[in-house]
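Results of the structural survey
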Amino acid sequence: MPKPLTALAAAVLAAFAVSHFSDRIDPYYLDVMEGVGINVILAVSLNLVNGYTGQFSLGHAGFMSIGAYLSAAITVVAGPRILGDSGGTALQQGLLFMGALVAGGLCAAVAGLAVGIPTLRLKGDYIALVTLGFGEIVRVVFQNVDSLGGALGLNGIPNYTTFFWVYGFAALTVYTVACLVRSTYGRGFIATHDDEIASESVGLSTTRYKIVAFVVGAFFAGIAGGLYGHLKMTITPTGFDFTKSIEIVVMVILGGMGNTTGVILAAILLTLLPEFLRSVEEYRMVVYSLLLIVLMLARPRGLFNFDYASILGRLRGRSRPSPN
Amino acid sequence: MAEFLQQLLNGLSLGAIYALIALGYTMVYGILRFINFAHSDVFMVGAFIGYFVGEHLPEGTVGGGLCALAAAMAGCAVLGILIERFAYRPLRGGPTLNVLITAIGVSLFLEYTGQLVLGATPRSFPQIFPARVVAVGGIIISTSQLLVIAVAAALLVALQFIVYRTKIGMAMRAVALNPKAAQLVGVNIDVVISFTFGLGSALAAAGGVLYALNYPSIDPLMGVVPGLKAFVAAVLGGVGNIPGAALGALILGMVETFVDGSRWSTYKDAIAFAILIGILLFRPAGLLGRLTAEKV
């Protein structure tokens, strides 16, 4: 295994290199690839909450929309004033975009803190419901704020999202989540997941771990929202409803809760699946839902959750000559 | 004053519909401890069965209306039992999250199959019951509103009777309390769970037909929003608690109607969740639920 920081630097460099040649890639494929990257950020960050910490959040799209709206507001409203009439150089645009994304992420994180502190004392399904409620409230509020476009949504967002930004942040998300759960501190997330009562009795503050997971997850959801807004160039409140949250949760569960590699693969698969099914457009969602049911019945522990030890054991057992 | 009474009546009939849906959620949750997301789509199927049966019956007669209602309830009871048998039972005993995802899958399946087969354009629901509008002292009372309240009340009483006065009801309560112990004393869990799904789905179907009578436009996605609200109502009253679900639904129906009539009407969809969060903070088990300490 390479050192995590080296891997992160390599991934960011690779993203930069691919981005340099992005005008040679077919725009449709580029769009799909960037969509995949954004879903990877969403799924991996939600995995910290739903997978590693064992909570059940259904409000990830709410945090995404906060990040999307705030960063879009910055580039649309404040952007022209900062960059001037000329539109600024590529570097200035990049810095502005970076600032807008981080501001969106931080705002989502603050919202995560505000929702998390009162609600994470609740248990199980109640958290699911309260986070779902939070997402719906955010949607309704955005529908009613006229300066952000109201129900019609915000249009004319500059097209800043490139391959580099998406995959740079995707690498950063994977790096942060992987390092966090492997650290000494991060063992507390897994302890909270495994047995809340036992972890409390050895002195871990489970509420605190839940809130930290929630805030970190919300931050990256906000970043993903900003990237999404600057990719699609238009955002509507209904684009971040309950269905979007469910979509992300499905990625986490199909990938195998608390298994970052599996979740990344599931995010890729579930983003590409509707694209592959475009030829059977009418039946697309029917096939998608049926696959969901069948996959859950056939592989209840997640699509990519393999029992490596038993597979290895079986392979060895087969290669060994039989005793007779 | 007249306006207040008018809103009260509107709220009551909306709450009655929420109550019919919420009961199915709360019964399933009480026994299997998971949110049956497909329930809101069973509600939609109920409305469509009512629509297709209603088309072939004479319009505006009590007998015809009751026929359509009964057909919808029976059809959805079968649908609910089939969903449980084929989608949820194989996963029983596993983590509830998996069942939850399967439920989401079933929900999406019903919605999109509905769009494929029935088309996404809304259809107007026939007046299967005799409809009349009466004005009493400035309040406009429509017979379909009264019908909703009457049918909901009758079904609630019937449900209360089934759960507390019959053998299968006792078995349901036993399984909700402790499935393993119930099995040890000879309760057939499979039968009880199938029955619960059938009963809950039949109530949702009744809710669907009554909803379609009052808001006469039906489409394959019509269940999503009322379903979500009804689940909120179930949690509000204390999930797993039958009178609680009815109480939560009435409160929710009232509050929503009053908000709808005020200048905050565009926030109507958010208010249900705001109330929910507020109540859960002070009474984490819901209004009528009892908080039980977790034992190690």
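Conventions we followed
Residues numbered from 1 in each chain as written. Chains lettered and ligands numbered in written order. Predicted model: local features only at pLDDT ≥ 70, side-chain atom pairs only at ≥ 80, totals over all residues. Helix = DSSP H or I, 4+ residues; strand = E, 2+ residues; numbered from the N terminus. Rg over C-alpha atoms; globule rule 2.2 N^0.38 Å. Buried ≥ 20, exposed ≤ 12 C-beta atoms within 10 Å, placed from the backbone. Contact = placed C-beta atoms within 7 Å. Nonpolar A, V, L, I, M, F, W, Y, C, P; charged D, E, K, R; others polar. Core = buried A, V, L, I, M, F, W, Y, C linked by C-beta atoms within 7 Å. pLDDT = per-residue confidence, 0-100. Expected span 1.5 Å × (residues − 1). Axes fitted to C-alpha atoms, helices over the stretch in contact; angles between N-to-C directions. Parallel < 35°, antiparallel > 145°, perpendicular 65-115°, else oblique. Pairing = 2+ DSSP bridges. Left-handed = near helix turned anticlockwise from the far one by under 90°.

With that settled, consider the overall build of chain B. A tally of helices and strands in chain B yields eleven helices and four strands. Computed over its C-alpha atoms, the radius of gyration of chain B comes to 19 Å, within 12% of the 19 Å expected for a compact globule of 296 residues. Taking the principal axes of the C-alpha coordinates as reference, chain B spans close to 60 × 45 × 35 Å. Evaluated residue by residue, chain B yields a buried proportion of 51% over its 296 residues. Taking as baseline every contact in chain B between residues at least 6 positions apart, the subset at least 24 positions apart corresponds to 77%.

When helices and strands are tallied, chain A shows 13 helices and zero strands. Reading chain A from its N terminus to its C terminus gives the helix and strand order α-α-α-α-α-α-α-α-α-α-α-α-α. The C-alpha radius of gyration computed for chain A amounts to 21 Å, which stays within 12% of the reference 20 Å derived for 324 residues, consistent with globular compactness. Expressed along its principal axes, the backbone C-alpha trace of chain A runs to roughly 85 × 50 × 45 Å. Residues classed as buried in chain A amount to 48% of the 324 residues present.

Listed per partner, the contact involves 31 residues of chain B and 28 residues of chain A. Counting residues per element, the ones that place at least two in the side of chain B that touches chain A are helix 4 (96-118) and helix 11 (268-282) of chain B. Of the residues forming the side of chain B that touches chain A, the biggest block, twelve residues, is contributed by helix 4 of chain B. Its residues assigned to classes, the side of chain B that touches chain A shows 23 nonpolar, six polar and two charged.

Here the focus is the nonpolar core. In this structure, A:A43, B:A19, B:L20, B:A22, B:C76 and B:A206 are the most contacted members of the largest nonpolar core, which totals 194 residues. For this core, the leading source of residues is helix 9 (residues 206-232) of chain A, giving 16 residues. When near neighbours in sequence (up to four residues on either side) are disregarded, A:A43 contacts A:I248, A:M251, A:V252, A:G255, A:V263, A:A266 and A:A267.

In this section: the confidence of the model for chain A. Mean pLDDT over chain A stands at 86; residues scoring 70 or higher make up 93%. The spread of mean pLDDT over the elements of chain A runs between helix 13 (residues 308-319) of chain A, the lowest at 65, and helix 9 of chain A, the highest at 94.

Here we come to unusual backbone geometry. Positive phi, close to 65 degrees, is recorded for A:M233, a residue that is not glycine. With respect to the secondary-structure elements, A:M233 resides in the loop between helix 9 and helix 10 (242-255). Even without being glycine, B:R33 reaches a positive phi, approximately 60 degrees. For B:R33, the location among the structural elements is in the loop between helix 1 (2-32) and helix 2 (39-55). When the 15 C-beta atoms within 10 Å are taken as the criterion, B:R33 is described as partly exposed.

Note that B:A204 resides in helix 8 (residues 189-214). Measuring from C-alpha to C-alpha, the distance between B:A204 and B:P126 comes to 19 Å, with 78 residues separating the pair along the chain.

In this section: helix 9 (residues 224-237) of chain B. Residues and elements named next belong to chain B. Compared with an ideal rise of 1.5 Å per residue, which puts 14 residues at 20 Å, helix 9 spans 20 Å between its outermost C-alpha atoms and is within 8% of the ideal. Turning to helix 9, its buried residues are P226, G227, L228, K229, A230, F231, V232, A233, A234, V235, L236 and G237. G238, located one to two residues past helix 9, shows a positive phi value of around 105 degrees.

The next subject is the packing of helix 6 (residues 167-177) of chain B against helix 8 of chain B. All names here are of chain B. Closest axis-to-axis distance for the helix 6/helix 8 pair is 10 Å, and the angle between their directions is 105 degrees. The angle between helix 6 and helix 8 places the two elements in the roughly perpendicular class. For the pair helix 6 and helix 8, contact is made by I168, A171, M172 and V175 and by I189, V192, F195 and T196, respectively. Tallied by class, residues from the contact of helix 6 with helix 8 come to seven nonpolar, one polar and no charged.

Moving on, we come to the pairing of strand 2 (residues 133-136) of chain B. All names here are of chain B. Both strand 2 and strand 3 (residues 139-142) contribute to a ladder of four bridges, which runs antiparallel. Following the sheet pairing, V133 is matched in strand 3 by S142. Hairpin geometry of strand 2 and strand 3 is characterised by an intervening segment of two residues between the two adjacent antiparallel strands and by a positive phi of about 50 degrees at G137.

On to the confidence of the model for chain B, then. For chain B, per-residue confidence averages 89 on the pLDDT scale, and 98% of positions sit at 70 or higher. The ipTM, which scores confidence in the relative placement of chains, is 0.81 for this predicted complex, and the corresponding pTM is 0.84.

For an α-helix, the turn length of 3.6 residues means that residues three or four places apart are oriented alike. Spanning 23 residues, helix 5 (residues 143-165) of chain B covers 32 Å between terminal C-alpha atoms, matching the ideal 33 Å at 1.5 Å per step. On its buried side, helix 5 of chain B packs onto helix 1, strand 3, helix 8 and helix 10 (242-261) of chain B.

What follows deals with the packing of helix 1 of chain B against helix 9 of chain B. Helix packing geometry: the angle between the two helix axes and the distance between the axes. Residues and elements named next belong to chain B. Helix 9 packs onto helix 1 with a crossing angle of 65 degrees between their chain directions and a minimal axis gap of 8 Å. Regarding the angle of helix 1 to helix 9, the classification is roughly perpendicular. Between helix 1 and helix 9 the crossing geometry is right-handed. In this structure, helix 1 uses Y18, I21, A22, Y25 and T26 to contact helix 9, whose residues at the interface are P226, G227, K229, A230, F231, A233 and A234.

Residues and elements named next belong to chain B. Looking at the element boundaries, L156 is found in helix 5. Exposure remark for L156: the 19 C-beta atoms within 10 Å place this residue in the partly exposed category. A C-alpha to C-alpha distance of 27 Å links L156 and E59, two positions 97 residues apart in sequence. For L156, the contacting residues outside a window of four places in its chain are A19 and A246.

Residue and element names in this part refer to chain B. Mapped onto the secondary structure, G24 falls in helix 1. C-beta crowding within 10 Å serves as the criterion here: with 31 such atoms nearby, G24 is assigned to the buried category. Between the C-alpha atoms of G24 and A202, which are 178 residues apart in sequence, the distance is 8.5 Å.

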